[in-house]
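Architecture and fold: a report
What follows is the residue order along each chain.
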Amino acid sequence: MFYILTEIVLILAFLMLPRHDEKQNIVICFPIAVVAYECLACFWTGLLTILYINTNINSAAVCNLALCAYLVWLIWKKQKVQKYNLAVSDTVFLLVYTVVIFWAVRERFTPELLIRFETSDPGVHLKSAMDFVNGQRVKGMYLGAATNGLFIQSMTKIWEGVQPYKFFLIKYGINFYFSGLVFASGLIGYAHRIWMKMIVYVAVFFYVFGYPYNDMVFGFVYLQLTVTVIAFLCVVSGWYIDSEGENKNIYGVLLALGCLGTGIGYTLFAPAVYAALLACIVYKAYKEGWLLRTQKRFFSTAFIKEGLRVFLVPTVMTLWFLVIAPLLARNPADYGNALTIEGYIYRNLYSDFWLYIIFAVYAVYVYLKKKKINLPVILLVIGTGYAVFFFIKMLQAEVSTYYYYKLNYMLWMLVLSCFVIGVLEFLKKERFFGISYLAGIAMLAVIMVTGAEGKWREININNLPFADTGAFFHIYSMNQMLHERASGRDVRLVKICEKVKEDYSDAGEVLFIGHFENMFWFEALTDQRISSYILWKLPEEVMEKYKQGQYGKYMVVAKESEEYLSNAQLYDELERVYEDEYAFIGIWGSD
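Computed from a predicted structure; not experimentally measured.

A look at helix α15 (residues 354–369)
- With 16 residues, α15 ought to run about 22 Å at 1.5 Å a step, and its terminal C-alpha atoms sit 23 Å apart, in line with that.
- Taken together, the buried positions of α15 are Leu355, Tyr356, Phe359, Ala360, Tyr362, Ala363, Val364, Val366 and Tyr367.
- Packing partners of the buried residues in α15 comprise α8 (194–208), α16 (375–395), α18 (407–427), α19 (431–450), α21 (469–472) and α22 (474–485).

Concerning the side chain of lysine 197
- Tracing the chain through its elements places lysine 197 in helix α8.
- Assessed through its relative accessible area of 12%, lysine 197 is described here as buried.
- Beyond its immediate stretch of four places on either side in the chain, lysine 197 contacts Ala87, Ser89, Asp90, Ile188 and Ala191.

What to know about the sheet that holds strand β5 (residues 575–579)
- If you trace the four strands from one edge of the open sheet to the other, you get β3-β4-β6-β5, paired in mixed fashion. Two strands bound the open sheet, and with one partner strand each, they are β3 (510–513) and β5. Taken over all neighbouring pairs, the strand axes of this sheet differ in orientation by 30 degrees on average, direction set aside.
- Note: strand β4 (residues 554–558) against strand β6 (residues 583–587), five bridges, orientation antiparallel. Looking at the pairing, valine 556 lines up with isoleucine 585 of β6.
- Strand contacts of helix α23 (residues 491–503): β3, β4, β5 and β6, with the helix running at about 30 degrees to β6, the strand carrying the most contacts.
- Of the strands in this sheet, β3, β4 and β6 are in contact with helix α26 (residues 539–547), which crosses β4 at around 150 degrees.

Things to note about the packing of helix α11 (residues 245–265) against helix α12 (residues 270–288)
- Put simply, α11 and α12 touch, their axes get as near as 10 Å, and they point 165 degrees apart. On the basis of their axis angle, the class for α11 and α12 is roughly antiparallel. The interaxial crossing formed by α11 with α12 has left-handed handedness. From α11, Lys248, Leu255, Cys259, Leu260, Thr262 and Gly263 reach across to α12, where they touch Ala270, Val273, Tyr274, Leu277 and Lys284.
- In the contact of α11 with α12, the residues fall into seven nonpolar, two polar and two charged.

What about the pairing of β5?
- One ladder, built from four bridges, connects β5 with β6; its direction is antiparallel. Across the sheet, glutamate 575 pairs through a bridge with isoleucine 587, a residue of β6.
- The antiparallel hairpin formed by β5 and β6 contains three residues in its connecting segment.

Quick word on the pattern of salt bridges
- Overall, the coordinates contain 24 salt bridges when judged by the stated rule.
- Taking the shortest distance from any N to any O, the salt bridge between glutamate 523 and lysine 127 comes out at 2.8 Å. Taken together, the residues glutamate 523 in helix α24 (residues 516–526) and lysine 127 in helix α5 (residues 121–135) connect sequence positions 396 residues apart.
- Here lysine 284 and glutamate 288 are joined by a salt bridge, their closest N and O atoms 2.7 Å apart. Taken together, the residues span about one helical turn, with lysine 284 and glutamate 288 both in helix α12 at a distance of four residues.
- You can call lysine 284 buried: its relative accessible area is 0%.

Here we look at the layout of surface pockets
- Considered as a void within the structure, the second largest pocket measures approximately 830 Å³ in volume.
- For the second largest pocket, the lining is made up of 34 residues, of which Gly189, Tyr190, Gly238, Trp239 and Asp242 are closest to its centre.
- For the lining of the second largest pocket, the elements supplying multiple residues, two or more each, are β1 (24–25), α2 (26–50), α7 (165–188), α10 (222–241), α12 and α18.
- Per-element tally for the lining of the second largest pocket: the top contributor is α10, with five residues.
- Class assignment for the residues of the lining of the second largest pocket results in 15 nonpolar, 10 polar and nine charged.

A short note on a nonpolar patch on the surface
- Judged by side-chain polarity, Leu292, Phe298, Phe299, Ile304, Leu308, Leu312, Val313 and Val316 come together as a nonpolar surface patch covering roughly 670 Å² of accessible area.
- The residue phenylalanine 299 is located in the loop between α12 and α13 (301–328) in this model.
- Assessed through its relative accessible area of 37%, phenylalanine 299 is described here as partly exposed.

Remarks on the packing of aromatic side chains
- Per the counting criterion, the structure on display carries 58 aromatic pairs.
- Ring centres 5.0 Å apart and planes at 80 degrees place the aromatic pair tyrosine 266 and phenylalanine 269 in the edge-to-face group.
- Taking relative accessible area as the criterion, tyrosine 266 reaches 3% and is therefore assigned buried.
- Residues tyrosine 356 and tryptophan 412 carry aromatic rings whose centres are separated by 5.9 Å and whose planes lie at 90 degrees to one another, so their mutual orientation is edge-to-face. Of this pair, tyrosine 356 sits in helix α15 while tryptophan 412 sits in helix α18, and the two are 56 residues apart along the sequence.
- With a relative accessible area of 2%, tyrosine 356 lands in the buried category.
- Among the residues examined, tryptophan 412 registers a relative accessible area of 0% and is labelled buried.
- Positioned above the aromatic ring of phenylalanine 14 is the side chain of arginine 19, whose terminal nitrogen or guanidinium carbon lies 5.2 Å from the ring centre.

So, the side chain of serine 59
- Residue placement: serine 59 occurs in helix α3 (residues 57–78).
- The residues touching serine 59, leaving out its near neighbours within four places in the chain, are Leu48 and Asn54.

Criteria and cut-off values
- Residues numbered from 1 in each chain as written.
- Predicted model: local features only at pLDDT ≥ 70, side-chain atom pairs only at ≥ 80, totals over all residues.
- Heavy atoms only, no water.
- Helix = DSSP H or I, 4+ residues; strand = E, 2+ residues; numbered from the N terminus.
- Expected span 1.5 Å × (residues − 1).
- Buried < 20%, exposed > 50% of the residue type's maximum accessible area, 1.4 Å probe, protein only.
- Contact = heavy atoms within 4.5 Å.
- Pairing = 2+ DSSP bridges.
- Axes fitted to C-alpha atoms, helices over the stretch in contact; angles between N-to-C directions.
- Parallel < 35°, antiparallel > 145°, perpendicular 65-115°, else oblique.
- Left-handed = near helix turned anticlockwise from the far one by under 90°.
- Nonpolar A, V, L, I, M, F, W, Y, C, P; charged D, E, K, R; others polar.
- Salt bridge = Lys/Arg side-chain N within 4 Å of Asp/Glu carboxyl O.
- 1 Å grid on protein atoms, 1.4 Å probe; cavity = no way out; pocket = protein on both sides within 12 Å on 5 of 7 lines; lining within 4 Å.
- Points joined across faces, edges and corners; volume = space filled by probe spheres on them.
- Patch = residues over 30% accessible without salt bridge, like charges linked within 9 Å, V, L, I, M, F, W, Y side chains within 5 Å.
- Areas by Shrake-Rupley, 256 points an atom, 1.4 Å probe, with all protein chains shown as cover.
- Phe/Tyr/Trp six-rings, centres within 6.5 Å; stacked < 30°, edge-to-face > 60°.
- Lys NZ or Arg CZ within 6 Å of the ring centre and 35° of its normal.

Spelled out as structure tokens, the structure:
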């Protein structure tokens, strides 16, 4: 808990740091401060790993306190603190949003915190988080592993044994909560009247129950977390463009942290994000006259320094953990071939975006016409080109559909952000048409939510042969279907994991025989790591090596799994030392 306290104190110190004389909106600044800390934790853990210092809640807490002391010194030096306001409308929105998100997370994972995910990914990511906790080092794209690992480690005294997985689920709910708040932070500043804020508030729910909720259902962990960091960059870049003096330095550091979070969170997004952010820096430098030298033949020293401050550390650390460190460990990653691997993901080419793209394009048109640049607009342009490039590569079978459709999670945030910006701009000139369009979306949404089309078809299918509304809201109907299906791990798996953790893990490695998704969760909960050696091997080969002592002393066999039922005679040779209705624990030979 001490680590969490240092995190809270550091966030409060950052919020108190004076940046503007006028009061700031706490609904905008608070989620930005929280995501900034997540990126800072990414920096701490990476730096400590590079320096060969044990990376855990204790070393991270020391770093937090050191930075907090520096911020307190700055506050004391300026003899003032930043002041905030909280409008009534924002307060009501925040309360409603908190209740709705809490309800959604509770419905998904239940009060018992059941493991409910569509894919095997969260089991793998929990393993990565526990590898960080146990190994006290980070590797690869570690943003999710580090932030989850620090949170889990700080709470282990509350739930012990295999129970810390519940903090993994709680942290997932927290990430989901802030995904919508950061999205709102980037748009509330465009809403200067109460009716404009109402549009933003409604758009937040359209946003968060689309791809962010889909990410929570599938359990990708890192994907929406990185998109939230990109949304954070959209807000901070706006502050940066309008800043000067010390504020420019503060926001420049925040941009660097956001770039690190993007590069280490999900590197596939980084090229487009870095290019768009560079365009924003060029725009600011050009507008303020420090882009070029006096002779105008080369970039100025000030511009080069600014580019290095924002991009140098994130780029070096991303290259270190994804390229250099694996090479030094003689385990280089083959990213080219990795991009061709298929996987289970929600796929939709364009219909999810169709209702929003018109005003999103309008926002791009307005800002480019005014010769103004903000990150959501320029990143939508660059990100669309980036997606087109990957689409061509997908058609050429050089990139899998799995990796191509991951881009939708970033594009969803950008399209809806620019949609809201475009609507607000358009309503200043053509209020009737804009309201009519929004009313049309609302009408379609009501039809979809109430299931009116299905009821009409039940009366007479000839009245409505095709249910068309779902095509525009496919992401929501898919999420609803996946929610109702409630796919997840059997609670009995957790019980057998508890038994192994308590009574058998001291004997060394314990092998699990069952569905690979259950295997990943078994290993995450019990700190076993054998799956990489036995996946896709024949049962006879696995059993032979197990008998030779290569896979530990004990074996857990899930009795209802296809792996056991198809090879029962093979596993029934084991002596059963423990058995329940879900699985048995066997051993070859006698003790």
